[in-house]
Amino acid sequence: MKALVLGAGGFIGNHLVTRLKSEGYYVSGIDLNYPEFNKSACDNFIIGDLRNELFCREHITSDYQEIYQLAADMGGAGYLFSGDNDFNVMHNSAAINLNVTNIAVERKIPKIFYSSSACIYPKYNQLDPDNPRCNEDSAYPADPDSEYGWEKLFSERLYLSAYRNYNLQVRIARFHNVYGPFGTYNNGKEKAPAALCRKVAEANSGKTIEIWGTGKQTRSFLYVDDCIDGIRKLMNSDFTGPVNIGSEEKISLNEFAEMIIRISGKSISIKNVEGPVGVNGRTSHNDLVQQTINWQPKLSLLQGITKTYNWINEQIVVEKLSL
Ligand code: NAD
């Protein structure tokens, strides 16, 4: 079986390549960059820009039975919710998805996975941190809180229209805050779990770390291995989606920071400061994913974030030693 992973240099794509190789696939990957922290397990890693249609025509060929489309211009709250990157986020990701769907239809690719996001859900259902509503059928009337969410919603519709009109077998997942080792933690595109682990790992006992917003905003976080299980189960199923792939274990950002501080064994305090935060509350709602593909996350947040903190802490220790 031959698979093509788009965004293979990114956090989830890199983990997915490793999984597909362990399952016996021949895997090609495309990305602007190689993975940041390890050598990719790809048989064939192609560096290039998926916004370029000619490049896509050359490399997205009918050799592949499966395509996994994870390439996107994305980052954490500091990147997506500040407003500074809105045009790039919309234009770059839409251009990639327009090229990929067009060529996948033309070349009759048998199956394609598309990674959407919890950021498509409307703001008005996520005002109360204790009762966010993120079940799949609550996406409309649409009102995502970021241009990133609007692009994901547009692209979901693009893939679904290719399915309806050309029978392109698409599988669409809405990921909710995926985290784990080998993810960016210090380049401005890191997301909350990695940013919090870095802040705690860098601080000495007795110091204070800053958390954006009131810290009362809630989220749920999914360990990357569970995410990859979900992708593979969805791809092996007959269910088109969109379907949530996330955790239902909701936690406030301040409580999450306190959990990481406890793991570190240090005595660190928290100061809430102004910063981009996104919606007040968001968590996955897993009834549909459980009914359709019988998937649920296996790791608790404590188990997953302990592995992640230990990995980030190790990177920071090595950085300090090499200074
Ligand atoms: P990531 O930023 O680590 O990976 C995306 C990869 O796409 C990067 O390596 C980037 O270089 C590549 N890319 C961007 N533009 C490209 C281009 N023009 N040509 C070729 N490659 C390009 O992100 P991730 O966390 O691995 O996320 C993977 C997918 O899942 C993305 O589509 C993202 O929107 C979606 N998603 C992720 C999360 C999460 O919490 N990580 C949540 C919801 C949705």
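Residues numbered from 1 in each chain as written. Predicted model: local features only at pLDDT ≥ 70, side-chain atom pairs only at ≥ 80, totals over all residues. Heavy atoms only, no water.

Visitor: Could you clarify how one ought to interpret the overall build of the protein in this entry?
Guide: The secondary structure content of the protein amounts to 10 helices and 13 strands. Reported as C-alpha extents along the three principal axes, the dimensions of the protein are approximately 60 × 50 × 40 Å. Residue burial in the protein is summarised as follows: out of 323 residues, 54% are buried. A separation threshold of at least 6 residues defines the contact pool for the protein, and within that pool the share at least 24 residues apart is 78%. Carbon together with sulfur atoms contributes 49% to the accessible area of the protein, which is approximately 14,000 Å² in total. (Helix = DSSP H or I, 4+ residues; strand = E, 2+ residues; numbered from the N terminus. Buried < 20%, exposed > 50% of the residue type's maximum accessible area, 1.4 Å probe, protein only. Contact = heavy atoms within 4.5 Å. Areas by Shrake-Rupley, 256 points an atom, 1.4 Å probe, with all protein chains shown as cover.)

Visitor: Would you mind going over helix α6 (residues 192-202) with me for this structure?
Guide: Because an α-helix completes one turn every 3.6 residues, residues spaced three or four positions apart along the sequence face the same direction. Of all 11 residues that make up α6, eight are buried, and the element is covered over most of its length. Against the buried residues of α6 lie β7 (178-179), β8 (208-212), α8 (253-264) and α10 (301-321).

Visitor: Help me understand the sheet that holds strand β2 (residues 26-31), please; the structure alone is not making it clear to me.
Guide: Hydrogen bonds along the backbone pair up the strands of a sheet, which may run parallel or antiparallel. What the seven strands build is an open sheet, ordered β3-β2-β1-β4-β5-β6-β11; its pairing is parallel. Only two strands of the sheet have a single partner each, and these edge strands are β3 (44-47) and β11 (243-245). On average, adjacent strands in this sheet sit at an angle of 20° to one another, irrespective of strand direction. Packed onto the sheet, helix α5 (residues 147-166) meets β4 (66-69), β5 (111-117) and β6 (170-175) and runs at close to 155° relative to β5. (Pairing = 2+ DSSP bridges. Axes fitted to C-alpha atoms, helices over the stretch in contact; angles between N-to-C directions.)

Visitor: Sorry if this is basic, but what is going on with the site of the ligand here?
Guide: Near the ligand there are 26 residues, and of these Ile12, Asp31, Asp49, Tyr148 and Val178 occur at the shortest range. Side-chain polar atom of aspartate 49 to a nitrogen atom of the ligand: 2.8 Å apart, as the coordinates give it. Lysine 191 has a polar side-chain atom sitting 3.4 Å from an oxygen atom of the ligand. Look at the ligand: alone it shows 810 Å² of surface, and the protein chains cover 91% of it. For the shell around the ligand, the secondary structure elements donating two or more residues are α1 (11-22), β5 and α5. At three residues, β5 tops the list of elements feeding residues into the shell around the ligand. Looking at the shell around the ligand, its residues break down into 12 nonpolar, nine polar and five charged. (Near = heavy atom within 4 Å. Polar contact = N/O pair within 3.5 Å; in protein donor to acceptor, adjacent residues only side chain to side chain. Nonpolar A, V, L, I, M, F, W, Y, C, P; charged D, E, K, R; others polar.)

Visitor: Explanation requested: the environment of glutamate 319 in the structure shown.
Guide: Inspection of the secondary structure assignment puts glutamate 319 in helix α10. The sequence separation of glutamate 319 and cysteine 197 amounts to 122 residues, and the corresponding C-alpha distance is 15 Å. What glutamate 319 contacts, discounting residues up to four positions off in sequence, is Tyr185 and Asn186.

Visitor: Would you explain the domain arrangement of the protein in this entry?
Guide: Frequently, the measure chosen for interface size is the accessible area removed from exposure when the parts meet. Segmentation of the protein into domains returns domain 1 (2-178 + 222-245) and domain 2 (181-220 + 249-282 + 298-322). Each of domain 1 and domain 2 was reduced to a C-alpha centroid, and the two centroids are 25 Å apart. Counting from both sides, the interface comprises 33 residues of domain 1 and, opposite them, 30 residues of domain 2. For the pair domain 1 and domain 2, the summed buried area comes to about 2,500 Å², and 57% of that belongs to carbon and sulfur atoms. Scanning the region where domain 1 abuts domain 2 turns up three salt bridges. Linking domain 1 to domain 2 there are 13 residue pairs in polar contact (both at pLDDT 80 or more). At the level of elements, α1, α3 (77-80), β10 (222-223) and α7 (224-235) are the ones that each hand at least two residues to the side of domain 1 that touches domain 2. (Domains from an automatic or database assignment. Buried area = accessible area lost by both parts, 1.4 Å probe. Salt bridge = Lys/Arg side-chain N within 4 Å of Asp/Glu carboxyl O.)

Visitor: Would you mind showing me how to read the packing of aromatic side chains here?
Guide: Two aromatic rings, taken as a pair, are described by how far apart their centres are and by the angle between their planes. The full count for this structure, using the stated rule, is 10 aromatic pairs. Here the aromatic rings of phenylalanine 37 and tryptophan 311 are separated by 5.0 Å at their centres, their planes lie at 85°, and the arrangement is edge-to-face. Placement of the pair is phenylalanine 37 in the loop between β2 and β3 and tryptophan 311 in helix α10, with a sequence separation of 274 residues. Classification of phenylalanine 37 as partly exposed rests on a relative accessible area of 25%. Residue class for tryptophan 311 comes out buried when judged on its relative accessible area of 10%. Each member of the aromatic cluster is reached from another via a ring pair, and the members are Phe37, Phe182, Tyr185 and Trp311. It is lysine 199 that lies over the ring of tryptophan 212; its NZ or CZ is 5.7 Å from the centre. (Phe/Tyr/Trp six-rings, centres within 6.5 Å; stacked < 30°, edge-to-face > 60°. Lys NZ or Arg CZ within 6 Å of the ring centre and 35° of its normal.)

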